Amino acid sequence: MGLKLGVNIDHVATLRQARYASMPDWPGAEPVLLEAANAALRGGADSITIHLREDRRHIQDRDVGVIREGAACPLNLEMGNTAEILEIAVRWKPDFVCLVPENRAEVTTEGGLDVAGQAEELRPTVARLRDCGILVSLFIDPEIEQVRASREIGGDIVELHTGAYAQASVGARETEISRLRAAAIEAQAVGLQVNAGHGITTGNVRGLFSVPHLIEFNIGHHLVSRALLIGLEQAVREMMEVMREYSGD
Ligand code: PXP
């Protein structure tokens with residue numbers, strides 16, 4: 001089975017909020033999130049990802065239900081470990097929750113979650129989500145300690161942070177790939193599904209193909225950026241075409 005693609009549509013909401021922050025539900029507010037989700041699915045996306053941030057800078061509460069009920073695909077909800085967002089996740093029961101670190105000042109999710117350091121706070125959240133039938137993913141830096149801690153607190157999946165790889169100079173890329181490879185091998189060995197995401201583009205994705213055991217990529221900014229020029233359906237198609245080259249080992 002080929003590598004799957006989860007399309008993160010947060011930045012479709014970013015554009016809507018730029019104009020309609022005070023009235024995101026107004027019928028004329030555009031772009032319409034569900035239309036974007038459907039375009040991504042027509043292009044071949046396997047799932048849709050949204051991040052309901054505590055500061056609500058892009059995705060709004062109502063969007064979660066609209067996408068959950070309207071998009072005919074698995075939904076991956078990214079969230080920080082807060083009681084408020086946990087209740088929303090429990091209400092809508094996405095197929096997957098990806099727990100991420102959240103910091104109000106950051107432009108995007110900057111580093112991985114410190115699962116090893118926050119195991120006690122994360123454990124009850126993971127248990128509650130899993131009790132609802134939601135598969136839990138932990139967004140972590142590619143470090144063995146974080147992989148093991150993700151398993152230890154009851155996670156199902158790790159999403160390996162590829163941001164350092166994406167931003168590395170050409171000379172430093174091999175080091176980042178080695179870290180990703182080691183983390184993926186460890187994750188598979190302890191029984192975790194391996195996903196990856198952050199900063200992936202059609203220009204750098206092939207470099208990740210030497211990382212084994214990958215099941216799904218989560219990609220947002222690049223696809224939404226390409227969508228401005230060629231449309232989201234085509235941008236997803238373009239990415240899927242490259243991803244088909246991945247052999248899994
Ligand atoms: N995975 C996680 C956990 C993220 O927080 C993000 C960014 O929202 C992504 C993947 C997608 O990253 P990008 O927008 O750089 O493709």
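Everything below is about the structure printed above this text.
Just so you know, these numbers come straight off a predicted model, no measurement behind them.

Parameters at a glance
Residues numbered from 1 in each chain as written. Predicted model: local features only at pLDDT ≥ 70, side-chain atom pairs only at ≥ 80, totals over all residues. Heavy atoms only, no water. Phe/Tyr/Trp six-rings, centres within 6.5 Å; stacked < 30°, edge-to-face > 60°. Helix = DSSP H or I, 4+ residues; strand = E, 2+ residues; numbered from the N terminus. Buried < 20%, exposed > 50% of the residue type's maximum accessible area, 1.4 Å probe, protein only. Expected span 1.5 Å × (residues − 1). Contact = heavy atoms within 4.5 Å. Lys, Arg positive; Asp, Glu negative; His and termini not counted. Salt bridge = Lys/Arg side-chain N within 4 Å of Asp/Glu carboxyl O. Polar contact = N/O pair within 3.5 Å; in protein donor to acceptor, adjacent residues only side chain to side chain. Pairing = 2+ DSSP bridges. Right-handed = clockwise from strand over helix to strand, strands pointing away. Axes fitted to C-alpha atoms, helices over the stretch in contact; angles between N-to-C directions. Parallel < 35°, antiparallel > 145°, perpendicular 65-115°, else oblique. Left-handed = near helix turned anticlockwise from the far one by under 90°. Nonpolar A, V, L, I, M, F, W, Y, C, P; charged D, E, K, R; others polar. Core = buried A, V, L, I, M, F, W, Y, C linked by side-chain atoms within 4.5 Å.

Trainee: Would you explain the packing of aromatic side chains in this entry?
Mentor: A ring pair, where both rings are aromatic, is described by two values, the distance of the centres and the angle of the planes. One pass over the structure, following the stated rule, counts 2 aromatic pairs. Between Phe 209 and Tyr 246, the ring centres sit 5.7 Å apart and the planes meet at 55°, which makes this aromatic pair tilted. One end of the pair, Phe 209, is in the loop between β7 (193–197) and β8 (214–219); the other, Tyr 246, is in the segment after α10 (232–243), with 37 residues separating them in the sequence. Both residues of the pair, Phe 209 and Tyr 246, count as buried.

Trainee: Before we go on, may I ask you to explain helix α8 (residues 173–189) in this structure?
Mentor: At 3.6 residues per turn, the α-helix brings residues three or four places apart onto the same side. Spanning 17 residues, α8 covers 24 Å between terminal C-alpha atoms, matching the ideal 24 Å at 1.5 Å per step. Among all positions in α8, only Glu 176, Ile 177, Leu 180, Ala 183, Ala 184, Glu 186 and Ala 187 are buried. On its buried face, α8 sits against α6 (144–152), β6 (157–161), α7 (163–167) and β7. Taken from the residues just after α8, Gly 191 is the one with a positive phi, measuring 95°.

Trainee: Can you help me understand the side chain of Glu 159 in this one?
Mentor: Positionally, Glu 159 belongs in strand β6. No salt bridge is formed by the buried Glu 159; its nearest oppositely charged neighbour, Arg 53, is found at 13 Å. Here Asn 218 takes part through its side chain, which lies 3.2 Å from a polar atom of the side chain of Glu 159. Excluding residues that lie within four positions of it along the chain, Glu 159 makes contacts with Cys 98, Ser 137, Leu 138, Phe 139, Ile 140, Asn 195, Ala 196, Gly 197 and Asn 218.

Trainee: Explain the pairing of strand β2 (residues 47–51) to me, please; I cannot follow it from the model alone.
Mentor: In summary, the side chains of a regular strand alternate between the two faces of the sheet. Extensive coverage of β2 is indicated by the burial of 5 of its 5 residues. Note that strand β1 (residues 4–8) and β2 share 3 bridges and pair parallel. Paired with Asn 8 across the strands is Thr 49, a residue of β2. The handedness of the β2 to strand β3 (residues 75–79) crossover, carried by helix α3 (residues 61–70), is right-handed.

Trainee: I'm lost on the packing of helix α2 (residues 33–42) against α3 in this one. Help?
Mentor: Packed helix pairs are characterised by how far apart their axes lie and by the angle those axes make with each other. With their axes 10 Å apart at the nearest point, α2 and α3 run at an angle of 40° to one another. As the angle between them shows, α2 and α3 are arranged oblique. Relative to α3, the crossing made by α2 is right-handed. In contact with Leu 33, Leu 34, Ala 37 and Asn 38 of α2, α3 contributes Asp 63, Val 66, Ile 67 and Gly 70. Tallied by class, residues from the contact of α2 with α3 come to 5 nonpolar, 2 polar and 1 charged.

Trainee: Even after reading the chapter, I still don't get the pattern of salt bridges, so can you show me in this structure?
Mentor: For side chains bearing opposite charge, pairing can occur when the charged atoms are close. By the definition in use, this model includes 18 salt bridges. The shortest N-O distance in the salt bridge between Arg 56 and Asp 61 comes to 2.5 Å. A relative accessible area of 17% places Arg 56 in the buried class. A salt bridge links Arg 237 to Glu 233; the nearest nitrogen and oxygen atoms lie 2.5 Å apart. With Arg 237 and Glu 233 both in helix α10 and 4 residues apart, this pair spans about one turn of that helix. Via salt bridges that share partners, Arg 42, Glu 233 and Arg 237 belong to a single interconnected network.

Trainee: Honestly, the pairing of β3 in this entry has me stumped. Any pointers?
Mentor: With respect to burial, β3 is a largely interior element, 5 of its 5 residues being buried. Residue alternation in β3 divides its side chains into two sets, Leu 75, Leu 77 and Met 79 and Asn 76 and Glu 78, and both sets are buried. After leaving β3, the chain enters helix α4 (residues 83–92) and then returns to the sheet as strand β4 (residues 96–99), a path that is right-handed.

Trainee: Sorry, what's going on with the nonpolar core here?
Mentor: Across soluble globular proteins, nonpolar side chains have a tendency to be buried as a group. Of all hydrophobic cores here, the largest spans 73 residues; its most connected members are Leu 5 and Phe 217. Among the elements that line this core, the one with the most residues is α10, at 7 residues. Each residue touching Phe 217, except ones within four places of it in the same chain, is listed here: Leu 3, Lys 4, Leu 5, Gly 6, Ala 196, Ile 200, Val 205, Leu 208, Phe 209 and Met 243.

Trainee: Can you help me understand the sheet that holds β6 in this one?
Mentor: Remark on secondary structure: sheet strands pair via backbone hydrogen bonds, oriented parallel or antiparallel. Judged by pairing direction, the barrel is parallel, and its 8 strands sit side by side in the order β1-β2-β3-β4-β5-β6-β7-β8 before closing back on the first. The sheet shows a mean angle of 25° between the axes of neighbouring strands, taken without regard to direction. Two strands pair when backbone bridges link them, and β6 and β7 are joined in this way by 5 bridges, in the parallel orientation. Pairing of Val 158 across the sheet is with Val 194, part of β7. Taken strand by strand, helix α5 (residues 119–131) contacts β4 and β5 (135–140), and its axis lies near 170° from that of β4.

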